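These are the residues of each chain, in order.
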There are 2 protein chains.
Amino acid sequence: MMNKYFTLLITVSLLLSTTVSSNAQTSKKQTPLVIQEQGSFAVGGTVLKAAGTFDPIKQGAYHPAGVDPAGQTLHGDHAAVYYQIPVKAKKYPIVFWHGHGESSRCWQTTPDGREGFQTIFLRKNYPVYLIDQPRRGNAGRSTQSGTLTASPDEQLWFGIFRIGIYPDYYPNVQFSKDPKALEQFYRQMVPNTGPYDAKLNIEAVDTLFNTLGKGILVTHSQSGGPGWLTAVKNPNIKAVISYEPGGDFVFPDGEAPTSIVLGGRTITPPTIPMEDFMKLTKIPIIIYYGDHIPDQPSTNPGQEQWRAFLEVARKWAETVNKHGGDATVVHLPKVGIKGNTHFPFSDLNNLEIADLTSKWLEEKRLN
Amino acid sequence: MMNKYFTLLITVSLLLSTTVSSNAQTSKKQTPLVIQEQGSFAVGGTVLKAAGTFDPIKQGAYHPAGVDPAGQTLHGDHAAVYYQIPVKAKKYPIVFWHGHGESSRCWQTTPDGREGFQTIFLRKNYPVYLIDQPRRGNAGRSTQSGTLTASPDEQLWFGIFRIGIYPDYYPNVQFSKDPKALEQFYRQMVPNTGPYDAKLNIEAVDTLFNTLGKGILVTHSQSGGPGWLTAVKNPNIKAVISYEPGGDFVFPDGEAPTSIVLGGRTITPPTIPMEDFMKLTKIPIIIYYGDHIPDQPSTNPGQEQWRAFLEVARKWAETVNKHGGDATVVHLPKVGIKGNTHFPFSDLNNLEIADLTSKWLEEKRLN
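Here the structure is a predicted model, which is why all the values come from computation and not from measurement.

Enquirer: Before we go on, may I ask you to explain the overall build of chain A in this structure?
Expert: The number of helices and strands found in chain A is 11 helices and 15 strands. In terms of C-alpha radius of gyration, chain A reaches 21 Å, essentially the compact-globule figure of 21 Å for 367 residues. Considered along the principal axes of its C-alpha atoms, chain A spans approximately 70 × 55 × 45 Å. Residues counted as buried form 66% of the 367 residues belonging to chain A. Partitioning the contacts of chain A with sequence separation of at least 6, the portion at a separation of at least 24 is 77%. Just so you have it, chain A exposes about 12,300 Å², and 52% of that area is on carbon and sulfur atoms. A distance of 4 Å separates the average location of the 35 positive side-chain charges in chain A from that of its 33 negative side-chain charges.

Now the structure itself:
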């Protein structure tokens, strides 16, 4: 039964937010942003090539339906990156990587139409890079076919994303109770356009950091796990900030905890060679979890997985630190910040979350 | 069989390093952009609702595979909009609507990594709104299921988008011959995530103009046709600028030309009631087509369709003007601007195209 409830442990995850046009009218006038450069590019990816020869004249129809692939290519599986570089930019850019069902949009705004982390961190003078991971959103071109099923599932996400226990909001939730905000939040979701493949995603973000040089990686939910592996792979990643990562923290071989129970079943986090794991002890790492995550097992699936993942996170940080690293887990309500959902960066108090995060960057001399 | 046809070249293309990040180093330092506000929102769309009752506790799995839709909703078919408003903004915002297989990314940059129309028009002090139309890119959540087929087709697009006759570039083409630019161009493409539905797209853009108030609509290629119908529907659209629209210009009932031949077959443009058509005579309209569109029928499908569409465009502008309107068709090589592809706004001479366009806006007192 629990098995039915909780199947994919490692691939978990999350999403985020947006509303908008009311912004101009309702928000108080901000200081203008001063941007030196902005643009977009693709990074990573693979190429599919069909055997045969392409004939530009015989290969007739201008509509792709029925097009003969002979001799043609398909470039796919790349990430799409949108970037903005402020004037007087700080040294390290921040790369923002969305979670499950989300896209770069989760950083662009909030469900109630305020500024997202994209703009908030630009105001703090960080160059900002927003990713659409391979096979998602504006990086939707996939080298593998896929079927998209339109099946209603939003009330489930309402719970998993810890807005409340549907149809009730958590009373203190940092999420606007204006129905328009919830609608914008739902409309922020974006499907996979091909099979989810963490390896492709890691390759794309690895390539991005090869291009950018040194910088800071921010992950959320499902990108948490691939984020750890990308940081193992790429020494240009000088810090990782992870909002509510899934339970797939990578432990050194032989050191994964065996005591974590999720929905009544034991879950075992993945492991990697100690040599690789040690790379995660060389950079500062901070992990944030929001509110409404119980200490004890819960029958509410919207809380239970996060309880288990927070437990993994704590054990993982202990392991990192035991091996000489610098990993911190912040359970926000424990430091007096209440009501956060699975999307602290777009919650009503996202300015406070941003300040907390940037203060940490200062402490680590990464600003 | 598919495996036999296709070879997966695991190229992990390390693309773009020069295309992108070198931008900061190699391009001459531009004046900074000064942005008053930026963000994102969803607009339009429909809601799917499954019968039954949702139980947040029993409704277990947090992974959507196998989730029981009972009592749940799916918000989809909206457009996603990313916007930037400069300080000292001009009165009318410009809404940019991509074409087939594209997304908002086509306005964000150029294949060779220069500034796209998004940034160029911000520099001209226009508020800029970029759309991902319903079921595309970051508006990928669809209320109808769909199958995405990964079938190589890029050499076809090389021809249809008039970069050249594959594998040859047109000698004077306004497209960088650096292979990295072509790769970036290919990686800009994004599939539909559900059935293409022009009606949904029109509704979303109509709703956007209801939200924004008066503004200017820019269309490209496939969005040309729905763009005319949106302008019929929404009086807030004060002008239409269309880059290489498709052949579905809307004529008044009984006035569609019957003489247009495409690839040896007669094509008949759609018609609408005269009362609706007359709305298109109340606003200034300009239509641009690029180079390598022949005057006579061609066996090259990459040229033939544009020859036919340009012929429709001319007859349509005549019809609009005959009924008192103000429609202009500019065939760029005829005014001395050579080598443009199907994407004049991201071609090597896109600054010149932008100047031409903004001069027209000035003439029409829309600046």
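Enquirer: In this structure, what is going on with the nonpolar core? I would like to understand it.
Expert: In summary, soluble globular proteins display a tendency toward joint burial of nonpolar side chains. Of all hydrophobic cores here, the largest spans 184 residues; its most connected members are Phe 117, Phe 121 and Trp 316 of chain A together with Phe 117, Phe 121 and Trp 316 of chain B. Each residue touching Trp 316 of chain B, except ones within four places of it in the same chain, is listed here: Trp 228, Phe 249, Val 250, Phe 251, Phe 277, Leu 280, Ile 285, Ile 287 and Ala 327 of chain B.

Enquirer: Teacher, can you tell me more about the interface of chain A and chain B here?
Expert: How big an interface is tends to be stated in terms of the accessible area lost upon association of its parts. On the chain B side, the residues contacting the 107 residues of chain A number 107 residues. Both faces combined, the contact of chain A with chain B buries some 9,100 Å², and carbon together with sulfur accounts for 56% of it. Inspection of the chain A/chain B interface yields four salt bridges. Where Arg 141 of chain A meets Glu 154 of chain B, a salt bridge forms, and the shortest distance between an N and an O atom there is 3.6 Å. Counting the contacts that link chain A with chain B gives 52 residue pairs in polar contact (both at pLDDT 80 or more). Top element by residues in the side of chain A that touches chain B is strand β1 (residues 33–50) of chain A. It accounts for 18 residues. A per-class count over the side of chain A that touches chain B returns 47 nonpolar, 47 polar and 13 charged. Sheet topology places β1 of chain A next to strand β2 (residues 33–49) of chain B; three bridges connect them, and they run antiparallel. Residue Val 34 of chain A lies in a different strand from β2 of chain B, and its bridge partner there is Val 34 of chain B.

Enquirer: Would you mind going over the relation of the copies chain A and chain B with me for this structure?
Expert: Think of it as a corkscrew move, a rotation about one axis and a shift along it, taking one chain copy to the other. Least-squares fitting of chain A to chain B yields an RMSD of 0.1 Å, with the transformation described by 0.0 Å of translation along the axis and a rotation of 180 degrees. Taken together, the turn and the small shift mark the pair as related by a two-fold rotation axis. A symmetric contact is evident, with 92% of the interface residues of chain A recurring at the interface of chain B.

Enquirer: Would you take a moment to explain the pattern of salt bridges for this structure?
Expert: Where charged atoms from two side chains of opposite charge approach closely, those side chains can pair. Enumeration over the complete set of coordinates arrives at 30 salt bridges over all chains. Between Asp 153 of chain B and Arg 141 of chain A there is a salt bridge, and its shortest N-O distance comes to 2.6 Å. You can see Asp 153 of chain B sitting in the loop between β6 (146–148) and α5 (154–160) and its partner Arg 141 of chain A sitting in the loop between β4 (128–132) and β5 (146–148), one on each of two chains. This pair shows no difference in class: Asp 153 of chain B is buried, exactly as Arg 141 of chain A is.

Enquirer: What should I look at first to understand the side chain of His 75 of chain B in this one?
Expert: Examined against the element boundaries, His 75 of chain B turns out to sit in strand β3 (residues 73–86). Residue classification places His 75 of chain B among the buried positions, given a relative accessible area of 10%. Every residue in contact with His 75 of chain B, bar those within four places of it in the chain, is listed here: Glu 154, Glu 183, Tyr 186 and Arg 187 of chain A together with Thr 46, Val 47 and Arg 141 of chain B.

Enquirer: How should I be thinking about helix α6 (residues 179–186) of chain A in this particular structure?
Expert: Along an α-helix, residues three or four apart share an orientation, since each turn contains 3.6 residues. Residues of α6 of chain A that are buried include every one of Ala 181, Leu 182, Gln 184, Phe 185 and Tyr 186 of chain A, and no others. Packing partners of the buried residues in α6 of chain A comprise α3 (105–108), α5 (154–160) and β7 (168–169) of chain A together with β2 and β3 of chain B. Backbone nitrogen of Lys 180 of chain A and a side-chain oxygen of the N-cap are separated by 2.8 Å at the start of α6 of chain A; the cap is Asp 178 of chain A.

Enquirer: So what exactly am I meant to see when it comes to the confidence of the model for chain A here?
Expert: Close reading of the predicted structure is inappropriate where its pLDDT is low. Residue-level pLDDT values for chain A average 91, and 90% of them are 70 or greater. In the model, residues 1–27 of chain A has pLDDT below 50 throughout and makes 112 contacts with residues more than four positions away in sequence or in other chains.

Enquirer: Could you clarify how one ought to interpret the pairing of strand β15 (residues 284–289) of chain B in this entry?
Expert: For a regular strand, the rule is simple: side chains alternate between the two faces of the sheet. Residue and element names in this part refer to chain B. Most of β15 is tucked away: six of the six residues are buried. Of the two faces of β15, the one carrying Pro 284, Ile 286 and Tyr 288 and the one carrying Ile 285, Ile 287 and Tyr 289 are both buried. In this structure, β15 lies alongside strand β16 (residues 326–331), joined through six bridges in parallel fashion. Directly across from Tyr 289, in β16, lies its bridge partner His 331. Between β15 and its parallel partner β16, the chain crosses via helix α10 (residues 301–322), and the hand of that crossover is right-handed.

Enquirer: What exactly am I supposed to notice about helix α6 (residues 179–186) of chain B here?
Expert: Most of α6 of chain B sits inside the fold, with six of its eight residues counted as buried. Buried residues of α6 of chain B: Ala 181, Leu 182, Glu 183, Gln 184, Phe 185 and Tyr 186 of chain B, and no others. Considering only its buried residues, α6 of chain B is in contact with β1 and β2 (73–86) of chain A together with α3 (105–108), α5 and β8 (168–169) of chain B.

Enquirer: Any chance you could explain the pairing of strand β3 (residues 94–97) of chain A here in plain terms?
Expert: Residues and elements named next belong to chain A. In β3, alternate side chains face the same way, and those of Ile 94 and Phe 96 on one face and Val 95 and Trp 97 on the other are all buried. When β3 meets β4, the two strands line up parallel, connected through three bridges. Of the residues in β4, the one forming a bridge with Val 95 is Tyr 129. Here β3 runs beside strand β8 (residues 215–220); their pairing, made up of four bridges, is parallel. Among the inter-strand pairings, Phe 96 is bridged to a residue of β8, identified as Val 218.

Enquirer: How do you make sense of the packing of helix α7 (residues 198–212) of chain B against helix α8 (residues 224–233) of chain B when you look at a structure like this?
Expert: The relative placement of two packed helices is expressed as an angle between their axes plus a distance between the axes. Residue and element names in this part refer to chain B. Their axes nearest at 9 Å, the elements α7 and α8 cross at an angle of 45 degrees. With respect to α8, the axis of α7 lies oblique. The hand of the α7/α8 crossing is right-handed. Of the residues in α8, those in contact with Ala 198, Ile 202, Glu 203, Val 205 and Asp 206 of α7 are Pro 226, Leu 229, Thr 230 and Lys 233. Of the residues in the contact of α7 with α8, the class split is five nonpolar, one polar and three charged.

Enquirer: Is there a simple way to explain the environment of Lys 338 of chain B in this structure?
Expert: Relative to the helices and strands, Lys 338 of chain B is located in the loop between β16 and α11 (350–363). As a C-alpha pair, Lys 338 of chain B and Gln 155 of chain B span 183 residues in sequence and 22 Å in three-dimensional space.

What counts and how
- Residues numbered from 1 in each chain as written.
- Chains lettered and ligands numbered in written order.
- Predicted model: local features only at pLDDT ≥ 70, side-chain atom pairs only at ≥ 80, totals over all residues.
- Heavy atoms only, no water.
- Helix = DSSP H or I, 4+ residues; strand = E, 2+ residues; numbered from the N terminus.
- Rg over C-alpha atoms; globule rule 2.2 N^0.38 Å.
- Buried < 20%, exposed > 50% of the residue type's maximum accessible area, 1.4 Å probe, protein only.
- Contact = heavy atoms within 4.5 Å.
- Areas by Shrake-Rupley, 256 points an atom, 1.4 Å probe, with all protein chains shown as cover.
- Lys, Arg positive; Asp, Glu negative; His and termini not counted.
- Charge placed at Lys NZ, Arg CZ, Asp CG, Glu CD.
- Core = buried A, V, L, I, M, F, W, Y, C linked by side-chain atoms within 4.5 Å.
- Buried area = accessible area lost by both parts, 1.4 Å probe.
- Salt bridge = Lys/Arg side-chain N within 4 Å of Asp/Glu carboxyl O.
- Polar contact = N/O pair within 3.5 Å; in protein donor to acceptor, adjacent residues only side chain to side chain.
- Nonpolar A, V, L, I, M, F, W, Y, C, P; charged D, E, K, R; others polar.
- Pairing = 2+ DSSP bridges.
- Least-squares fit on C-alpha atoms with pLDDT ≥ 70 in both.
- pLDDT = per-residue confidence, 0-100.
- Right-handed = clockwise from strand over helix to strand, strands pointing away.
- Axes fitted to C-alpha atoms, helices over the stretch in contact; angles between N-to-C directions.
- Parallel < 35°, antiparallel > 145°, perpendicular 65-115°, else oblique.
- Left-handed = near helix turned anticlockwise from the far one by under 90°.

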